[in-house]
Amino acid sequence: MRLDKYLADMGIGTRSEVKQYIRRKQVLVNGVLAEGPQQKIEPGNDQIVFQGREIAYLEYEYFMFHKPGGCVSAVTDQRYKTVMDYIVEKNRKDLFPVGRLDLDTEGLLLITNDGALSHDLLAPGRHIPKTYFARVSGKVTEEDVRLFADGIDIGEKKITQPAKLQILSTDSSECEKNCLSEIELTITEGKYHQVKRMFEAVGKKVLYLKRLSMGDLKLDESLPPGAYRRLTEVEVELLKS
Ligand code: URA
């Protein structure tokens, strides 16, 4: 790999900025002044030092992001803030969110540049479970639990895969439309607006939605909405296994 690309990939600066740093003798390769921006280096084998600081090679980065409402799960957007606008301490420029949460949905979103992992997590055949907390208008009942477990018609070619609905709380009165229920729902697909459409199909409306987990990765509740942290090695392995 070219030295200037390595430094740019590791977030040291733009390609033209890092060329300047190299020309100004601010970069060492294996303890020797770099020859020039086009010098070939072997990531992981050669030692690269910039302004006295060793720049280790990070092929992949993995962030757990607590998505707040009001931002889109995209890399760029004309209208809204994107989830990427929040990730400032990054090296790689090729990061993207794994899957989508709606504009108003909060919760766990994985951000990485590992395309193979993203592909695996989103592959329809893998049925990776995703668990959501929701506040729903209307009284969620044991009948809904059964319907969700059997699979319901949300207007797609097939009914939904069996989903696990757990009622956390609901008003005990006989109310129908004016009461609120709190639930947890685990689905193993990722159809557009899936959770909202499942509740619509049983005559209820999701008022608030938050993703709690994806596969074995759980949202770190010490992260407030809008905050993020790097995944630990154990978490990365959990996702890959
Ligand atoms: N289901 C939805 O309806 N919205 C989301 O953001 C995620 C799942």
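This section reports on the structure supplied with the text. (Residues numbered from 1 in each chain as written. Predicted model: local features only at pLDDT ≥ 70, side-chain atom pairs only at ≥ 80, totals over all residues. Heavy atoms only, no water.)

Counting through the fold element by element, Lys210 comes out in strand β13 (residues 205-214). In this structure the side chain of Lys210 is engaged in a polar contact, spanning 3.3 Å, whose partner is the side chain of Glu221. (Helix = DSSP H or I, 4+ residues; strand = E, 2+ residues; numbered from the N terminus. Polar contact = N/O pair within 3.5 Å; in protein donor to acceptor, adjacent residues only side chain to side chain.)

Another aspect to go through is the packing of aromatic side chains. Counted by the stated rule, this structure contains seven aromatic pairs. Ring geometry for Tyr21 against Phe50: centres 4.9 Å apart, planes inclined by 45 degrees, an arrangement best described as tilted. With Tyr21 in helix α2 (residues 15-23) and Phe50 in strand β3 (residues 48-50), this residue pair connects regions lying 29 residues apart in the sequence. A residue is classified by how much of its surface remains accessible, and Phe50, at 6% relative accessible area, is buried. Relative to Tyr86, the ring of Phe65 lies with its centre 5.2 Å away and its plane at 45 degrees, an arrangement referred to as tilted. With Phe65 in strand β5 (residues 62-67) and Tyr86 in the loop between β7 (81-82) and β8 (96-97), this residue pair connects regions lying 21 residues apart in the sequence. Given the relative accessible area of 0%, Phe65 is considered buried. You can call Tyr86 partly exposed: its relative accessible area is 21%. Of note, Lys81 hangs over the ring of Tyr86, and the distance from its end group to the ring centre comes to 4.5 Å. (Phe/Tyr/Trp six-rings, centres within 6.5 Å; stacked < 30°, edge-to-face > 60°. Buried < 20%, exposed > 50% of the residue type's maximum accessible area, 1.4 Å probe, protein only. Lys NZ or Arg CZ within 6 Å of the ring centre and 35° of its normal.)

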